[in-house]
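Single-letter residue listing:
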Amino acid sequence: MLIRPANTEDAPAISTLIASLAHHFLIHADGSEADAFLMTLTAASIERKIASAELDYYVSLSENQMTGVISVRGGTHLFHLFVSKDFQRKGVAYALWNHVQDIYGWSSSKVAVTVNSTPVGVPFYERLGFRCTGPRAEKNGVAYIPMRLALVDLNSPKE
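1. A closer look at the environment of Thr76
Relative to the helices and strands, Thr76 is located in the loop between strand S3 (65-73) and strand S4 (77-83). On a C-alpha basis, the gap between Thr76 and Trp106 in space is 8.5 Å, while along the polypeptide they are 30 residues apart.

Listed below in structure tokens is the structure:
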């Protein structure tokens, strides 16, 4: 599996991948009340996000097929982490997580990393050490659970 920075040409595939998993985070299966949010997942919107300085996107590939995507906002917020249905439970999410964890130095810093998890993603994030920081929230037709991972400095003296 190859993990590399996303480029604007990846936007359509990223959009398709995330949209294929929308049923996991939409409150209503038909997408009602989520129009504004769903517009943020179009290929054009993803392309703008990739080109912006605010977000860093990375994709995983297997035999030139996109298997997953991860993005980080501001160096501390996990903005997107999605794995194609055909590649779920095969280590792709962990590989993407480890990739960005290494890039941002999260494993050796005191940075508090946050994520707004889909309801079905909570167990995965809990295995990584994230904890819920609030109840399930619903906004713009989307359900999510705010979570936080407070990482400790591995180089600091033990108390």
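2. Notes on the side chain of Ser84
By the element assignment, Ser84 lies in the loop between S4 and helix H4 (92-104). You can call Ser84 buried: its relative accessible area is 15%. When sequence neighbours within four positions are dropped, the list of residues in contact with Ser84 reads Leu17, Met66 and Thr67.

3. Considerations on the pairing of strand S5 (residues 112-117)
Residues Val113, Val115 and Ser117 of S5 are buried on one face, while the alternating residues Ala112, Thr114 and Asn116, pointing to the opposite face, are not. The pairing of S4 with S5 spans two bridges and is classified as parallel. Each bridged residue has a counterpart across the sheet, and for His77 the counterpart in S5 is Thr114.

4. Considering the nonpolar core
Most often, soluble globular proteins have nonpolar side chains that are buried together. In this structure, Leu78, Trp97, Tyr125 and Phe130 are the most contacted members of the largest nonpolar core, which totals 24 residues. At five residues, H4 tops the list of elements feeding residues into this core. Excluding residues that lie within four positions of it along the chain, Phe130 makes contacts with Trp97, Val113, Thr114, Val115, Tyr125, Met147, Arg148 and Leu149. One finds Ile14, Ala22, Val69 and Phe82 within the second-largest nonpolar core, a separate group that totals 21 residues.

5. Structural notes on the environment of Ala95
Among the secondary structure elements, Ala95 is positioned in helix H4. In the structure, Ala95 is positioned 94 residues away from Met1 in sequence and 8.9 Å away in space, judged by C-alpha atoms. Non-local contacts of Ala95, meaning those with residues more than four positions away in its chain, are made with Met1 and Ile3.

6. Regarding the pattern of salt bridges
Considering all chains together, one arrives at two salt bridges under this definition. Here Arg4 makes a salt bridge to Asp10, at a shortest N to O gap of 2.7 Å. Exposure remark for Arg4: the relative accessible area of 23% places this residue in the partly exposed category. For Asp10, a relative accessible area of 9% puts it in the buried group. Of the charged contacts, one joins Arg136 and Glu138 as a salt bridge, the two residues approaching to 3.2 Å between their closest N and O atoms.

So, how was this worked out
- Residues numbered from 1 in each chain as written.
- Predicted model: local features only at pLDDT ≥ 70, side-chain atom pairs only at ≥ 80, totals over all residues.
- Heavy atoms only, no water.
- Helix = DSSP H or I, 4+ residues; strand = E, 2+ residues; numbered from the N terminus.
- Buried < 20%, exposed > 50% of the residue type's maximum accessible area, 1.4 Å probe, protein only.
- Contact = heavy atoms within 4.5 Å.
- Pairing = 2+ DSSP bridges.
- Core = buried A, V, L, I, M, F, W, Y, C linked by side-chain atoms within 4.5 Å.
- Salt bridge = Lys/Arg side-chain N within 4 Å of Asp/Glu carboxyl O.

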